[in-house]
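# Structural overview
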Amino acid sequence: MAAEIPRFDLLSEAEIDDLLQDSESKNTKRQLKFSLGIFKDFCGALGDVDFDQLAGIDLKTLDQLLGKFYAGVKSRSGESYRKKSMQALRYSLQKYFLNLRDIDIIKDTNFAKSGRVFKTVLRKLKVEGKASEKHHKTVSETDMNKIQNSLDLDTPRGLQRKVFVDIMTHFANRGEENLHDMKADDFILSEQNGHRYFRIVDKATKNHPDDDSNSQGGRMFEIPGSSRCPVETLLKYKSKLNPNSPFLWQKPKGAGRYGDGPWYDNIRVGIHTLGSMMKTISREAGCSTDYTNHCLRATSITTLDHAGFPSRDIMTVSGHRSETSIKHYAQTSDQQKMKMSETISNALGHAQQEPGPSHHGQQDQRCTQNQTQQTAEVSNNSGNIGDDIDDFLDISNSQVERLLAAVDNTELFVAQPPVENRNVQVQNQNRNATFQFNNCVVNIYN
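Conventions used here
- Per chain, residues are indexed from 1 in the order of the written sequence.
- pLDDT decides what is reported in this predicted model: residues at 70 or higher carry local features, side-chain atom pairs at 80 or more are listed and counted, and totals for whole chains, interfaces and linings draw on all residues regardless.
- Water and hydrogen atoms were dropped before computing side-chain values, which therefore reflect all heavy atoms in the structure.
- Think of it this way: any DSSP run of H or I at least four residues long counts as a helix, any run of E at least two long counts as a strand, and we number them from the N terminus.
- A simple rule labels every residue: compare its accessible area, found with a 1.4 Å probe on the protein chains alone, to the largest value its type can have, and call it buried under 20%, exposed over 50%, or partly exposed in between.
- Any pair of residues with heavy atoms lying within 4.5 Å of one another is described as a contacting pair.
- Exposure was quantified through the Shrake-Rupley algorithm and a 1.4 Å probe, taking into account, for residues, occlusion by the shown protein chains and nothing else.
- Put simply, two rings from Phe, Tyr or Trp (the six-membered ring, in Trp's case) pair if the centres are within 6.5 Å, and we call them stacked under 30 degrees between planes, edge-to-face over 60, tilted for the rest.
- What makes a nonpolar core is a set of buried Ala, Val, Leu, Ile, Met, Phe, Trp, Tyr and Cys residues whose side-chain atoms join them at distances within 4.5 Å.
- One requirement defines pairing of two strands: DSSP has to find at least two bridges between them.
- Any carboxyl oxygen of Asp or Glu within 4 Å of a side-chain nitrogen of Lys or Arg constitutes a salt bridge here.

What follows concerns the overall build of the protein. Of regular secondary structure, the protein possesses 15 helices and nine strands. By the burial criterion, 37% of the 446 residues in the protein qualify as buried. Across the protein, the fraction of contacts at a sequence separation of at least 24, relative to all contacts at a separation of at least 6, is 65%. Counting only carbon and sulfur atoms, one obtains 48% of the accessible surface of the protein, whose full area is about 27400 Å².

This brings us to the packing of aromatic side chains. Describing an aromatic ring pair means giving the distance of the ring centres and the angle of the ring planes. A complete count under the given rule lists 15 aromatic pairs for this structure. Plain terms: the ring middles of F39 and F69 are 5.0 Å apart, the flat faces sit at 90° to each other, and that makes the pair edge-to-face. Residue F39 is located in helix 2 (residues 26–46), and its partner F69 is located in helix 3 (residues 59–72); the two are separated by 30 residues in the primary sequence. For the pair F39 and F69, a shared accessibility class is recorded, and that class is buried. Their ring planes at 70° and their centres at 5.1 Å tell us that F42 and F69 sit as a pair that is edge-to-face. With F42 in helix 2 and F69 in helix 3, the pair connects residues that are 27 residues apart, well separated along the chain.

Right, let's talk about the nonpolar core for a bit. Ranked by internal contacts, the top residues of the largest apolar core, which has 38 residues, are I147, F187, Y237, L248 and W249. Listing elements by their share of this core, those giving two or more residues are helix 6 (141–150), helix 7 (156–170), strand 2 (195–200), helix 8 (230–240), helix 10 (277–284) and helix 11 (293–306). Counting residues in hydrophobic clusters, the runner-up holds 29 residues, among them F42, L62, Y70 and M86.

Okay, the environment of M315 next. Summarising the element assignment, M315 is placed in helix 12 (residues 311–318). The class of M315 is buried, set by a relative accessible area of 16%. Residues M315 and G218 lie 97 residues apart in sequence; the distance between their C-alpha atoms is 9.4 Å.

Below, the discussion takes up the pairing of strand 2. The side chains of a regular strand alternate, residue by residue, between the two faces of the sheet. Note that strand 1 (residues 187–192) and strand 2 share six bridges and pair antiparallel. Looking at the pairing, F187 lines up with I200 of strand 2. Linking strand 1 back to strand 2 in an antiparallel pair, the connection comprises two residues, with N193 at a positive phi of about 55°. Taken together, the three bridges between strand 2 and strand 3 (residues 219–221) define a ladder with antiparallel strand orientation. Paired with F198 across the bridge in strand 3 is M220.

Turning next to the pattern of salt bridges. One pass over the full model with this rule turns up eight salt bridges. Between K236 and D154 there is a salt bridge whose closest N-O contact spans 3.3 Å. Here K236, found in helix 8, pairs with D154, found in the loop between helix 6 and helix 7; they are 82 residues apart in sequence, far enough to count as distant. Using a relative accessible area of 27% as the deciding quantity, one classes K236 as partly exposed.

Following this line, the structure appears as structure tokens:
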């Protein structure tokens, strides 16, 4: 009689913890490790706090410590971190203390004071112009033409890069996500109404860590008669892959080493090479700037948005969970900005006639604005979470109290996003022209 197969795997607490840790992405683990390193260095800089003894520190002291950390952490260059980086630091500390002591430093009322300090720091960053997110560039039409013209489909490297650009844009892949582990069989050839297309096997992504079959629903259809057809290009590429490797991104063979057989070696392309693939492509193509892999995702989403596709449909391609996230990607193009400027100019009468002398030798313009928008040009790497940190601003408890008091007793003037000009009303009475836009009234006397 065959032995009965156990129905249950009885896991120990340690094995369950390992299971939970394995569920976190590599990027999350890297962020947690880096953030804890920053906090540990901060504790060392204070001199009277032992990071290894935080498990026994009382909650009031820990609250004060966190408040000083939020208010004082700086980058190596002495610059304040941007809003998103500060949020990442706090999130990492939240996870750390949940695991260490089962306390939530964000929701627990014992940490109300440090929470107020954190919000105060974010408001200060907004005043300094460091609260806005840095959006990924979209590839311009001119640069995309340069890229396409630089890719020779009769060479292993050119063919691979063409497939790379096609996949990253059609499926709106996020940067390096799942790239290194992609397999040739992940892309399935199908047909709809006589038109062939490729779809991708659903995998866990940042927005969809669970198997809900909604992470990447894009399709890459063929372009009949085109020498640059993405379906034909991928079919050719798959036929040239080394059959001894299941992976999609294989190392291209050098000149003279390929012919009728495989064009690629039985070696996966390195993860760092894949991570900087678009940067390499754009440089060699002579583009106006260095693009990243994520720029292709931004290009895909922005192109679909400008073409008028609803956000809910774009989400099926990009894998976003909310329409708000789509709006962060969909950027206003230079052409659209030019058209908006021309529309305003037409309303002002600039397109019809040159401005003549005013009625009294000057124009009477009255405009009231609630606040002044501040802008700041920030370098690509300044104040981001990826910078090494060894400098901290040592802030005393009394200084923290004064910081909070300043917020309670004064009003910070925070830059607001500009009001969108959708309706411009023009009234012409007698010889006066009245314009209303952006909550402003402008009178022009001719």
